[in-house]
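If you want the building blocks of each chain, they are given just below.
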Amino acid sequence: MRNDYDIIVVGAGHAGCEAASAAARLGSHTLLITIDMNKIAQMSCNPAVGGIAKGQIVREIDALGGQMGIVTDRSSIQFRMLNRSKGPAMWSPRSQSDRQQFILQWRQILENTPNLHIWQDSVDEFIIEGGVVKGVKTALGMTFKAQAVVLTAGTFLNGLMHVGKVQTPGGRVAEPPARGITEQLASLGLVTGRMKTGTPPRLDERTIDFSQCIRQDGEQDFHHFSYLPGISSTLPQRPCWIVHTNEQVHEVLRQGLPQSPLYNGQITSIGPRYCPSIETKIVTFADKTSHQLFIEPEGATTHEMYLNGFSSSLPWDIQIEALRHIPALRDVHAFRPGYAIEYDYFDPTQLYHTLESKLVKNLFLAGQVNGTTGYEEAAGQGLIAGINAHQNITGGKPFTLARNEAYIGVLIDDLVTCGVDEPYRMFTSRAEHRILLRQDDADMRLTAKGYELGLATRERYDLMRTKRDQMESLTAFCRDYTVKTAIINPVLEANGMQPLTQGQRLHDLLLRPQLNMAMLADALPEFMQRVGEIGAERRDEIIEATEIAIKYRGYIERETLIADRVARLDNVTLKGKFDYSQIHQISTEARQKLQTIDPETIGQASRIPGVSPSDINILLVLLGR
C-alpha cells in the first residue's frame, strides 16, 4: 500500500475529479480520497450540467483538456442551447444528464488514468510543517504524505441538513460530514464562514399527471459540450416538463413559514440569492401569484424526477401538501423531501489566483469550500487547482487565466479579489468581455494553452488548428465571392427584405441580422461546393463559428482593444512593493482592503470593492507610472 504521493486531492466531487485527473495526466502521482467511491462526481442537486454562463465554463474546461464536457455528452438525456433569442455571447449550452451514468463515466475515466489512485476514506487532519502542507491523516488511521494537497470538500465541512425541525449532520443525504479540517485551518489563521444551500423533493413520475404539464423537448442538432468529435450519448432522450405554483400552494407555504428553518432562526447562514428556496420566493416576491417549476428526469430509465425551482427546508408534510395543490401533482408521491444544508467555507481572498492558500504553502482550495455554488464553477476551479498543484511541485510556471481569456478567469479573479458575501454563481453579466468569451470559441482561446501545459492532447490541438484554418478559408471565400442580384433578390424578397440594386459580396450580405449561411446556401451552388469541402462531422460547427465571427467582427475587434487596454494594468506588478498601512494619501477603506488582499497587480487592485480610481492613480504615481 503506497502512502507517499506527489499530490493528494481531498473529495471526489466535480472539483476533485477535475483536479485529480489533471494532476495525474500531467505526470504527478496523485491520490484521490473520497468518502464513497460509488458517489464520485455525484450530482448532489439538479441532474444537469451547463446553463447561463455555466455552459461556457464547461466548454472552457473541455478546451483546456478537462473531462466534464466528455462525461456530460456521454451521459446526456437532453441537450438545449439556451438564450438563442439573444446574441451569441449569451448562448449557453445545457444538458440533462443521467445521474448514475454521469458517475459511472467519471469513475471509468479516473480508474483508467495513469498515475492516479483512489482511496475510500475521510480526511480528518492535514500534516503541516513550517507553514507547508506535507500530507493528510484519515479517519481509518492512515497517513498519506504528499508535496501538495487540494481540498475540494464541497458541502461536507461540518455539514448540517435541515428538514423542518429535524437536523441531521451530513454533507449530503445519507453521507456523514467531514470534521476537524475547518477547525485546524482556522487555527492557522484562515478566515471561515457558514453558507447554506438546498435541494427540492424528488418525485415519482408515475404519480404525475403530465397532461397538465407543458412539455419541453431537447434539441437534436450538432451542438454538444466536447470539442472532440465522436463524443455522444447512446441513451434515450427524455423531455422535461413545466408546471406552475398557484395561490393555494403559496398559502400552504405561508402558513408553514413558522416551521421553516430559514425563518424561525434555526438557519442563520447565507443562502444563494440566485437559486432561492420556495419559501424565499413567496416572501421576497410576495406580489407574484405563480412561480414556474421544471420537472426534470434523473435518468434515462428511472422514475425519479427532480422538481427544479422548489428547493425547500420546510417539514416534509408541508412540502407535499403544497405540491398537491398543483393540478399535475395532485396525487404525487415523493421519494424524498427537499432539505437545506449548512456547511463551512473559507474566505477566497486568502488565495492566490492559482488557488493556492496564502497562509499554507502547497495547499490548494477549490469548489464550494471557496464560497461558490454549482458543479461547473467547482469543476473549473478544480482544473486550475490541479494544474497549479502539479506546477508548484515540478517548478513550472503558475497557470492562470485572465478575465478576457475565460469565464474561469472571471470566476477566480472575482473570488480572490472581491471575496463572497453569498454563494457565488456565474452569469454572463459578470464578464465585462463576454463577446470574447463565447461558447463557440473556447477552443480557439484555450486549447493552445492546454496543449502547451501537456493537458490537451495533440488530437485536440490539431482539431483546433484545422477548425481555425477552415474558418479563415471560408471567411476569405465570403469576402471574395460576389452574389448577383438575379440570384439573391428572390431570397431577400421571400424573407421580407429589400432587394439589391447591384451585386454584393457574400461577406457584406451576411452582416444583415436577418440573413444566415443556411438561408443563402441553396441559392448559391459555389458556396455549397465550398462548404462541402469541410468534413461532415464538424461542418455545422465550423459554419456557425465562421458566421458569428463575420457578423460580430466589429464588436469583437472593439472589445479586444478595450480588453488589451485594461490588461495593461494587470502587467503592472504591485505585490511586495508597498506597506499599504503607511500610504495615507489613499482612503482608509482602500488601505485596509489592500493590506488584507495584497493584490498581485494594479489591475487586481482596481477591482477590489472600496478601492477607488483616485486610489489607483495615487498608487500609479508612487510606482512612477
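Below, the structure is looked at part by part. Once a new chain begins, its residue numbering starts again from 1 and follows that chain's sequence as written. Residue-level local features of this predicted model are given only where pLDDT is at least 70; pairs of side-chain atoms are given and counted only at 80 or more, and the full residue set underlies all totals for whole chains, interfaces and linings. By convention in this description, side-chain values take in all heavy atoms of the structure and omit both hydrogens and water.

## Let's talk about the overall build of the protein
Consideration 1: The helix and strand inventory of the protein stands at 21 helices and 22 strands.
Consideration 2: In this treatment the radius of gyration is a C-alpha quantity, and the globule benchmark scales as 2.2 Å times the residue count to the 0.38 power. Here the C-alpha atoms of the protein give a radius of gyration of 26 Å, agreeing with the 25 Å that 2.2 N^0.38 yields for 625 residues.
Consideration 3: C-alpha extents for the protein along the principal axes are approximately 80 × 70 × 55 Å.
Consideration 4: Working definition: with a 1.4 Å probe on protein chains only, accessible area under 20% of the residue-type maximum means buried, over 50% means exposed, and in between means partly exposed. The 625 residues of the protein split such that 57% are buried.
Consideration 5: Per-residue and other accessible areas were derived by the Shrake-Rupley procedure at a 1.4 Å probe size, with only the shown protein chains allowed to occlude residues. In the form shown here, the protein has an accessible surface area of approximately 25,300 Å², with 50% of it arising from carbon and sulfur atoms. Only DSSP runs of H or I covering at least 4 residues are called helices, and only runs of E covering at least 2 are called strands; the numbering of each starts at the N terminus.

## Details of the pattern of salt bridges
Consideration 1: Whenever a carboxyl oxygen of Asp or Glu lies within 4 Å of a side-chain nitrogen of Lys or Arg, that contact is scored as a salt bridge. Under the definition given, this model contains 39 salt bridges.
Consideration 2: Here Glu376 and Lys54 are joined by a salt bridge, their closest N and O atoms 3.4 Å apart. In this pair, Glu376 is assigned in helix H9 (residues 375-394) and Lys54 in helix H2 (residues 54-64), connecting sequence segments 322 residues apart. Taken as a pair, Glu376 and Lys54 share a single burial class, namely buried.
Consideration 3: Two residues, Arg438 and Asp440, come together in a salt bridge whose shortest N-O distance is 2.8 Å. As far as burial versus exposure is concerned, Arg438 and Asp440 are alike and both buried.
Consideration 4: Taken together, the salt bridges that share partners define one network made up of Arg403, Asp413, Asp414, Glu432, Asp570 and Arg607.

## Considering the sheet that holds strand E5 (residues 92-97)
Consideration 1: Note: two strands are recorded as paired if DSSP finds a minimum of 2 bridges between them. Here we have three strands laid out as an open sheet, ordered E3-E5-E4, and antiparallel in their pairing. Bordering the open sheet on either side are strand E3 (48-50) and strand E4 (76-82), each of which pairs with just one other strand. In this sheet, neighbouring strand axes are inclined to one another by 15° on average, regardless of whether the strands run parallel or antiparallel.
Consideration 2: Taken together, the three bridges between E3 and E5 define a ladder with antiparallel strand orientation. From the neighbouring strand, Gly50 faces E5, where its bridge partner is Arg94. Only the stretch in contact is used when fitting a helix axis, every axis being a line fitted to C-alpha atoms; angles between N-to-C directions are given from 0 to 180 degrees.

## Things to note about the packing of aromatic side chains
Consideration 1: Working definition: rings of Phe, Tyr and Trp (its six-membered ring) pair if their centres are within 6.5 Å, and the pair is stacked with planes under 30 degrees apart, edge-to-face with planes over 60 apart, and tilted otherwise. This structure, assessed with the given rule, holds 10 aromatic pairs.
Consideration 2: Between Phe578 and Tyr580 the ring centres are 6.2 Å apart and the planes differ by 55°, which places this aromatic pair in the tilted class.
Consideration 3: The exposure class of Phe578 is partly exposed, given its relative accessible area of 24%.
Consideration 4: Given the relative accessible area of 2%, Tyr580 is considered buried.
Consideration 5: Feature note: the residues Tyr5, Trp119 and Phe144 constitute an aromatic cluster, connected by ring pairs.
Consideration 6: Residue placement shows Arg84 over the ring face of Trp91; its charged tip is 4.4 Å from the ring centre.
Consideration 7: It is Arg430 that lies over the ring of Tyr424; its NZ or CZ is 4.2 Å from the centre. Placement of a positive charge over a ring is assigned whenever Lys NZ or Arg CZ falls within 6 Å of the ring centre and within 35 degrees of the normal to the ring plane.

## Here we look at the packing of helix H1 (residues 14-25) against helix H4 (residues 99-111)
Consideration 1: For the pair H1 and H4, the least separation of the axes is 11 Å and the interaxial angle reads 25°. Looking at the two axes, H1 sits roughly parallel to H4. Crossing hand, H1 versus H4: left-handed. Every residue of H4 that contacts H1 at His14, Cys17, Glu18 and Ser21 is listed here: Phe102, Trp106 and Leu110.
Consideration 2: Here the nonpolar group is Ala, Val, Leu, Ile, Met, Phe, Trp, Tyr, Cys and Pro; Asp, Glu, Lys and Arg are the charged ones; every other residue, Gly included, is treated as polar. Residues that form the contact of H1 with H4 fall into these classes: four nonpolar, two polar and one charged. Here is the rule for angles: anything less than 35 degrees is roughly parallel, anything more than 145 is roughly antiparallel, 65 through 115 is roughly perpendicular, and the remaining ranges are oblique. Note on convention: near helix rotated counterclockwise from far helix by under a right angle means a left-handed crossing. Clockwise means right-handed. In what follows, residue pairs with any heavy atoms lying within 4.5 Å of each other are defined as contacts.

In short, shape yes, function no, at least from these values alone.
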